[in-house]
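# Examining the three-dimensional arrangement
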Amino acid sequence: MVNSNEPPLDEIQWRDPVSAQRMGGIHSNSVLFYFAESPFFDRTSNNAVLYNQARFNENMWPLIQSREAFEGRLRDMSGLEYIVAQEPAEMAPGTGTGVWVVHKQTRRKKDPEDEITLHSAYYIVGENIYMAPTLADILSSRMVTITSALGKCFAAADNAQTWSPSLGHRYKTPQTITNARQQALESKGTTPMPESQENQATLEPKKSSQTVLDSRLAEHSFMIHMKYGGEYMDENPITGKPGHFTLSSTGRKDKLQALGNLNTSFKTATTESEKKDAKGDKTPKTPTGMSKSKRRKSKAGATPTSS
């Protein structure tokens, strides 16, 4: 019975230095028998059956002396087997990649060629044995990595986004400061600033807070418009019944009253200007010492005499 607490086979690394030393190291004739000691090996495979038969049968003893003879006998059998698919390029000590590839496969005897179904692949690197992950595991791992990265990207983009009534939605520009620049700014942190720079430094937080208030006010105004924007009140309410609606007023009286107000205001302005002009136009005084010529008035009923 498989323990549920054990990790999956494609997530473990197995090694046994004692078995490798007892077999004289990992080489062509011992690689399959070293793999048979690992938890990746199936005890019901043809490899286990053939090995157990060769141990107690002297006629089959040469089959386990070389890998070529052992794999040749496996190809004559049908069922589950483990065969070396790839071996290191060079077998000399200290050379080559040192990576062995073992395939777990099922062989079915057919003419002209056998039918082979591959189940999994294993890598032997030195004394370490790994199980190759399946294509579904690789794709699922890549998809999880991509989705987690996109989730972080969307959160960062949302934090970097700002909105203002004049510019709308926009992104903040990153402020990158080099180490030298940062050290220079830190060294100048204790130096006194002129009054203009101090005033500017105190005004910067006020500007930022005012920008936030403006953005909130614009959002609130837009929300009110979206909620009550379609509701209007007529200046001239409609009265009557369906099919016979009439306006309560045509608006003519209001227009005439407005025109009357304009005329009265214009008249008062003209009368005031005329009064000022009348006060300003006076008869000039005669100079002193000059007597005015008096006109004689004719008496009523008197007739002019002839000279």
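It should be noted that the structure appears before, not after, this text.
Since the structure is predicted, the reported quantities are computational estimates derived from the model, not experimental observations.

Quick look at the overall build of the protein chain now. When you go through the protein chain residue by residue, the secondary structure sums to 8 helices and 8 strands. A buried classification covers 18% of the 307 residues belonging to the protein chain. Restricting to contacts in the protein chain with at least 6 residues of sequence separation, those with at least 24 account for 43%. As displayed, the protein chain has an accessible area near 25,500 Å², and 56% of this comes from carbon and sulfur atoms.

Now for unusual backbone geometry. Glycine aside, residues mostly have negative phi, and peptide bonds are mostly found in the trans state. Geometrically, the link from Asp111 to Pro112 is a cis peptide bond, its omega value of 0° lying close to zero. Residue placement: Pro112 occurs in the loop between strand 2 (99-108) and strand 3 (115-125).

Let us now look at the pairing of strand 8 (residues 244-247). Along a regular strand, successive side chains alternate from one face of the sheet to the other. Strand direction decides the pairing type here: strand 7 (residues 238-241) and strand 8, joined by 4 bridges, are antiparallel. The residue of strand 8 that forms the bridge with Lys241 is His244. Following strand 7, the chain reverses through 2 residues before pairing antiparallel with strand 8; Gly243 in that reversal takes a positive phi of roughly 95°.

This next bit is on the sheet that holds strand 1 (residues 79-86). Note: strands within a sheet are paired through backbone hydrogen bonds, in either parallel or antiparallel orientation. Across the sheet, 4 strands lie side by side as 1-2-3-4; this open sheet has antiparallel pairing. Lying at the two open borders of the sheet, with one neighbouring strand each, are strand 1 and strand 4 (128-131). The average undirected angle you get between the axes of adjacent strands in this sheet is 30°. Sheet strands in contact with helix 4 (residues 67-75) are strand 1 and strand 2, and its direction is about 140° off that of strand 1.

The next thing to look at is the pairing of strand 5 (residues 161-164). Bridge count between strand 5 and strand 6 (residues 168-171): 4 bridges; the pairing is antiparallel. The residue bridging Trp163 from the neighbouring strand is His169, located in strand 6. Hairpin remark: strand 5 followed by strand 6, antiparallel, with 3 residues in the connecting loop.

On to the nonpolar core, then. In this structure, Phe35, Phe40, Phe70, Val102, Tyr122, Ile124 and Ile129 are the most contacted members of the largest nonpolar core, which totals 28 residues. The set of elements that each furnish at least two residues to this core consists of helix 2 (31-35), helix 3 (46-56), helix 4, strand 1, strand 2, strand 3 and strand 4. At 5 residues, helix 2 tops the list of elements feeding residues into this core. With residues up to four places along the chain from it excluded, the contact list for Tyr122 reads Phe35, Phe40, Tyr82, Trp100, Val101, Val102, Lys104, Tyr130 and Met131.

Pairing is possible between side chains that carry opposite charge, provided their charged atoms lie close to one another. Enumeration over the complete set of coordinates arrives at 8 salt bridges. Between Arg15 and Glu127 there is a salt bridge whose closest N-O contact spans 2.9 Å. Remark: Glu127 occurs in the loop between strand 3 and strand 4 and Arg15 occurs in the segment before helix 1 (17-22); sequence separation between them is 112 residues. Overall, the relative accessible area of 46% leaves Arg15 in the partly exposed class.

Here the focus is the packing of aromatic side chains. Counting across every chain of the model gives 8 aromatic pairs. Measuring from centroid to centroid gives 5.4 Å for Phe35 and Tyr82, while their planes differ by 50°, and the two rings are tilted. Of this pair, Phe35 sits in helix 2 while Tyr82 sits in strand 1; the two residues are 47 residues apart in sequence, bridging distant segments of the chain. Since its relative accessible area comes to 1%, Phe35 is described here as buried. Pairwise contacts between aromatic rings join Phe35, Phe40, Phe41, Tyr82 and Tyr122 into one cluster.

Here the focus is helix 3. Along helix 3, the positions that sit buried rather than exposed are Asn46, Asn47, Ala48, Leu50 and Ala54. Looking at the buried residues of helix 3, the elements they touch are helix 4 and strand 1.

Here the focus is the environment of Phe33. Residue position: Phe33 is located in helix 2. Given a relative accessible area of 18%, Phe33 falls into the buried group. Sequence separation between Phe33 and Tyr51 is 18 residues, and the spatial gap between their C-alpha atoms is 8.9 Å. Setting aside its immediate chain neighbours within four residues, Phe33 contacts Met23, Tyr51, Ile64 and Phe70.

Helix 4 packs onto helix 3 with a crossing angle of 120° between their chain directions and a minimal axis gap of 11 Å. Put simply, helix 3 runs oblique to helix 4. Judged by the sense of rotation from one axis to the other, the crossing of helix 3 with helix 4 is right-handed. On helix 4, the residues that touch Asn46, Asn47, Leu50 and Tyr51 of helix 3 are Phe70, Arg73 and Leu74. Here the residues of the contact of helix 3 with helix 4 sort into 4 nonpolar, 2 polar and 1 charged.

Relative to the helices and strands, Ser120 resides in strand 3. Since its relative accessible area comes to 12%, Ser120 is described here as buried. Looking at Ser120, its side chain comes within polar contact range of the side chain of Tyr122, at 2.9 Å. If we skip the residues at most four places from it in the chain, Ser120 touches Val102, His103, Lys104 and Met131.

Analysis parameters
Starting from 1, residues in each chain are numbered consecutively following that chain's sequence as written. Note on the predicted model: pLDDT of at least 70 is required for a residue's local features to be given, and 80 or more for side-chain atom pairs to be given and counted; whole-chain, interface and lining totals, by contrast, use all residues. Side-chain metrics in this entry use all non-hydrogen atoms of the structure; hydrogen atoms and water are not considered. Think of it this way: any DSSP run of H or I at least four residues long counts as a helix, any run of E at least two long counts as a strand, and we number them from the N terminus. Summary of the burial criterion: residues with accessible area below 20% of their type's maximum are buried, those above 50% are exposed, and those between are partly exposed, where the area comes from a 1.4 Å probe applied to protein chains only. We call two residues in contact whenever any of their non-hydrogen atoms come within 4.5 Å of each other. The Shrake-Rupley method, run with a 1.4 Å probe sphere, supplies the accessible areas, and residue values consider only the shown protein chains as cover. In this analysis, strands are considered paired if DSSP registers two or more bridges between them. Throughout, an axis means a line fitted to C-alpha atoms (over the contacting stretch in the case of helices), and angles, computed between N-to-C directions, take values from 0 to 180 degrees. Throughout, nonpolar core names a set of buried Ala, Val, Leu, Ile, Met, Phe, Trp, Tyr and Cys residues whose side chains join them through atoms within 4.5 Å. Salt bridge, as used here, is a side-chain nitrogen of Lys or Arg placed within 4 Å of a carboxyl oxygen of Asp or Glu. The criterion for an aromatic pair is that two Phe, Tyr or Trp rings (for Trp, the six-membered ring) have centres within 6.5 Å, with stacked assigned to planes under 30 degrees apart, edge-to-face to planes over 60 apart and tilted to the rest. Here the word oblique covers every angle except those under 35 degrees (roughly parallel), over 145 (roughly antiparallel) and from 65 to 115 (roughly perpendicular). Put simply, a crossing is left-handed when the front helix is turned counterclockwise from the back one by less than a right angle, and right-handed when it is turned clockwise. Basically, the charged four are Asp, Glu, Lys and Arg, the nonpolar ten are Ala, Val, Leu, Ile, Met, Phe, Trp, Tyr, Cys and Pro, and anything else, Gly included, counts as polar. Within 3.5 Å is the distance limit for a polar contact, defined as a pair of N or O atoms, with the added protein rule that one can donate a hydrogen and the other accept it, and that residues adjacent in sequence qualify only through two side-chain atoms.

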